[in-house]
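# Remarks on the overall topology
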There are 2 protein chains.
Amino acid sequence: MRSSQGGMSVAVVGAGGAVGRKVVEILEERAFPVSRLRLMATSRTAGQRVLFGGRGYTIENASAEAFEGVDLAFFATPTEVSLALAPEAVRRGAVVVDKSSAYRADSSVPLVVPEVNAEALYGHRGIVASPNCSTIQMVMVLKPLNDLSPLRRVVVSTYQSVSGTGREAVEELRQQSSAVLDGRPAQPVVYPRPIAFNLLPHIDEFTANGYTKEEMKMVSETRKILGREDLAVSATTVRVPVEVGHSEAVWVETEEPIEPEAAREALRAMPGVVVLDDPARSVYPTPLDAAGRDEVFVGRIRKDLSSKTGLVLWVVCDNLRKGAALNAVQIAEAMARCGLLGEGEGR
Amino acid sequence: MRSSQGGMSVAVVGAGGAVGRKVVEILEERAFPVSRLRLMATSRTAGQRVLFGGRGYTIENASAEAFEGVDLAFFATPTEVSLALAPEAVRRGAVVVDKSSAYRADSSVPLVVPEVNAEALYGHRGIVASPNCSTIQMVMVLKPLNDLSPLRRVVVSTYQSVSGTGREAVEELRQQSSAVLDGRPAQPVVYPRPIAFNLLPHIDEFTANGYTKEEMKMVSETRKILGREDLAVSATTVRVPVEVGHSEAVWVETEEPIEPEAAREALRAMPGVVVLDDPARSVYPTPLDAAGRDEVFVGRIRKDLSSKTGLVLWVVCDNLRKGAALNAVQIAEAMARCGLLGEGEGR
């Protein structure tokens, strides 16, 4: 820790993107101890101004040298940027919290949702990975169920908002929606097909087995975070015309049956999870409820009619906050609490 | 058959609604042999004019007496209207094809998707039920798979368009979308919560087991149509901000494993099903592809990574056409072909 005044020298890389901006916003909201802030980007957002603590900061061009003196660097960048620059930041003494998928599968890099597996942070070697948005919200509800009775199998279909793609996708949804309402054709640019008043069963690239990378991330990341390499997982991920908030229909099979009321109780006791489950009064989570909120919302909890040890749930979360920026900041907070960041750190 | 000129006296009840109008449109498109057409409604649409064969017809008030002389009556009406008037139509000699859920569970009433179980029509006693939209498109793909190897279990999550609710819901989606794009709040009237840029895991009423009626229909109707009362089925049904076209993520487990290529071949051979499955070229069905089309589209066919005998599919269909009006007209066509309607009929 080289910073003064009890704060850290913090860098946010990709500060002009949807997630990077949220990281800055959440650092301020949560009064994260920042003594010095550097905002970086490799893209056209360099040069833009961002407010933090009442002061304007200019996004500078990211470079290896820019990490000199940085204690903590958040990477909200494409995979190739993280691969190129995160090791440079670590070499210069920073701890990196990386939101990209660059290091998630690396067995020497902890992949962490603090409420679920904060203990994995102790093994870090400078880089900690934050999971994919759709995985984060799912493991937040899987963890307490896995504690009640070991999971055997998870089947999930997602309803993912366009903000997961980025700011330009939100703009595309708005422009296409306007066009369609005016009787004009939707012009796809960001997505291969129109997204306004439509759905695309296609998130990230397709792989040889017919699944997308997004679907395969839900398999491998869920296993790694829960420490359950044997867990059977299958996902269908779908982009929907929603701005913010990912939703998931989840089927879970456990060793022993879990009663819905026992599941609700365990989920209510889970930090960061809110149970909204009174369907007769139309109480169930929707993306609009979750947008701007920190919690993972769960409802529609019921027995799986097709499996004796099955449960069905509906899980909704702000994909930019807990699904991305908030989880990254919480990783840093947990590391600070565990003495893995700043003065207590022995690296 | 009391009609002359080789056609039938046909009535469409609920002719002012989204499905009723489609029935009239499809009767004309398919040159169904109509010698006389009567359009009826119990609602505020009575008095409206509808075009058929270049001629305007006025929607009259539905009543028991109005079915005098009718050979074939399509009911695109709420359950209570079908319960009240379908028996009256049958009593007066008509065959009823009912789109409501009034008679679907009745063991004396065939529940038919002609490509799947036309043989059930032979047992009719005047009323034939057409299934729920979300069930129709699913059984169209389940049938050929069940023929390859008996199904053990079906798990499905749906992405259902607002036109399934009716014309006023399409209007609500458009008005709310306009409002949100203009920075005004969405005003929910038809749905309990905003649907623009949002999702509702809520279709039809909730039942005591935590499932909605829509979800329970997918269980009971699928079993009845496939003649598989033992089949394990679990559904989560979700309303999405799409105008026309229902989508479904389906997980299927069979007695013996089915290779994706064998499934594609069987699905290609299924009448009324089109395989769109070349994801590397962004070829997969979306609601916009299906809207206005007669076929059920299927893609994203792949092995279920969580089950040795599992397959995963993505199924999309125009919910107003094959999901509703077209299936009803096809039922009548199949009955005519089998001599169950008109001159050949022995009732």
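Rules and cut-offs
- Residues numbered from 1 in each chain as written.
- Chains lettered and ligands numbered in written order.
- Predicted model: local features only at pLDDT ≥ 70, side-chain atom pairs only at ≥ 80, totals over all residues.
- Heavy atoms only, no water.
- Salt bridge = Lys/Arg side-chain N within 4 Å of Asp/Glu carboxyl O.
- Helix = DSSP H or I, 4+ residues; strand = E, 2+ residues; numbered from the N terminus.
- Buried < 20%, exposed > 50% of the residue type's maximum accessible area, 1.4 Å probe, protein only.
- Least-squares fit on C-alpha atoms with pLDDT ≥ 70 in both.
- Contact = heavy atoms within 4.5 Å.
- Axes fitted to C-alpha atoms, helices over the stretch in contact; angles between N-to-C directions.
- Parallel < 35°, antiparallel > 145°, perpendicular 65-115°, else oblique.
- Nonpolar A, V, L, I, M, F, W, Y, C, P; charged D, E, K, R; others polar.
- Pairing = 2+ DSSP bridges.
- Polar contact = N/O pair within 3.5 Å; in protein donor to acceptor, adjacent residues only side chain to side chain.
- Buried area = accessible area lost by both parts, 1.4 Å probe.

Next up on the list: the pattern of salt bridges. All chains considered together, the criterion is met by 64 salt bridges over all chains. As a salt-bridge pair, E115 of chain A and K322 of chain A come within 2.7 Å of each other at their nearest N and O atoms. One end of the pair, E115 of chain A, is in helix α3 (residues 114-117); the other, K322 of chain A, is in helix α9 (residues 321-337), with 207 residues separating them in the sequence. Note that D294 of chain B and R30 of chain B form a salt bridge whose closest N and O atoms lie 3.9 Å from each other. Placement of the pair is D294 of chain B in the loop between α8 (287-290) and β13 (296-303) and R30 of chain B in the loop between α1 (18-29) and β2 (34-41), with a sequence separation of 264 residues. When its relative accessible area of 27% is taken as the criterion, D294 of chain B is described as partly exposed. One salt-bridge network, held together by shared partners, links K22, E25, E29, R30, D294, R321 and E333 of chain A.

Each copy of the sequence occupies a distinct position, and chain B is placed on chain A by a rotation of 180° and an axial shift of 0.0 Å, giving an RMSD of 0.0 Å. The symmetry that links the two subunits is that of a two-fold axis. Counting the interface residues of chain B, we find that 98% of their copies in chain A are interface residues as well, pointing to one common contact surface.

This part is about the packing of helix α4 (residues 133-148) of chain A against α9 of chain A. All names here are of chain A. Following both chains from N to C, one finds α4 and α9 inclined at 90°, their axes separated by 8 Å at the closest point. Comparing the axis directions of α4 and α9 gives the class roughly perpendicular. Note on element contacts: α9 touches α4 through K322, G323, A324 and N327, opposite C133, I136 and M140. Across the contact of α4 with α9, the residue classes break down as 4 nonpolar, 2 polar and 1 charged.

With that out of the way, let us pick up the pairing of strand β9 (residues 151-159) of chain A. Residues and elements named next belong to chain A. Within β9, 8 of the 9 residues are buried, which leaves the element mostly enclosed by the surrounding structure. Bridge count for β9 against strand β11 (residues 246-254) is 8 bridges, and the pairing is antiparallel. Directly across from S157, in β11, lies its bridge partner A249. Note that β9 and strand β10 (residues 232-236) share 5 bridges and pair parallel. Each bridged residue has a counterpart across the sheet, and for S157 the counterpart in β10 is T236.

What follows deals with the sheet that holds strand β6 (residues 72-75) of chain B. Residues and elements named next belong to chain B. What the 6 strands build is an open sheet, ordered β5-β2-β1-β6-β7-β8; its pairing is parallel. Bordering the open sheet on either side are β5 (60-61) and β8 (127-129), each of which pairs with just one other strand. Pairing of β2 with β5, which is carried by 2 bridges, proceeds in the parallel orientation. Bridge pairing links A41 to N61 in β5. Its contacts with the sheet place α1 against β1 (8-13), β2 and β6, and it is angled at close to 155° to β1. Where helix α9 (residues 321-337) meets the sheet, its contacts fall on β6, β7 (95-98) and β8, and the angle it forms with β6 comes to roughly 160°.

Bringing the environment of E215 of chain A into the picture now. Relative to the helices and strands, E215 of chain A resides in helix α6 (residues 213-226). The spatial distance from the C-alpha of E215 of chain A to the C-alpha of E25 of chain A is 29 Å, given a sequence separation of 190 residues. Leaving out residues up to four positions away in the same chain, E215 of chain A has contacts with A235, T236 and T237 of chain A together with R300 and R302 of chain B.

What follows is about the side chain of N146 of chain B. Residues and elements named next belong to chain B. Inspection of the secondary structure assignment puts N146 in helix α4 (residues 133-148). Residue classification places N146 among the buried residues on the basis of a relative accessible area of 15%. At 3.0 Å, the side chain of N146 forms a polar contact with the side chain of R228.

Moving on: the interface of chain B and chain A. In this assembly, 62 residues from chain B lie in contact with 61 residues from chain A. Together chain B and chain A conceal approximately 5,100 Å² of surface at their shared face, both sides included; 59% is due to carbon and sulfur atoms. The largest per-residue losses of area from chain B upon contact with chain A belong to R193, F197 and L305 of chain B, which jointly make up 13% of the total buried on that side. Where chain B meets chain A, there are 10 salt bridges. In this structure, D289 of chain B and R193 of chain A form a salt bridge, with 2.4 Å as the shortest nitrogen-oxygen distance. Here chain B is connected to chain A by 37 residue pairs in polar contact (both at pLDDT 80 or more). When its residues are assigned to classes, the side of chain B that touches chain A shows 34 nonpolar, 17 polar and 11 charged.

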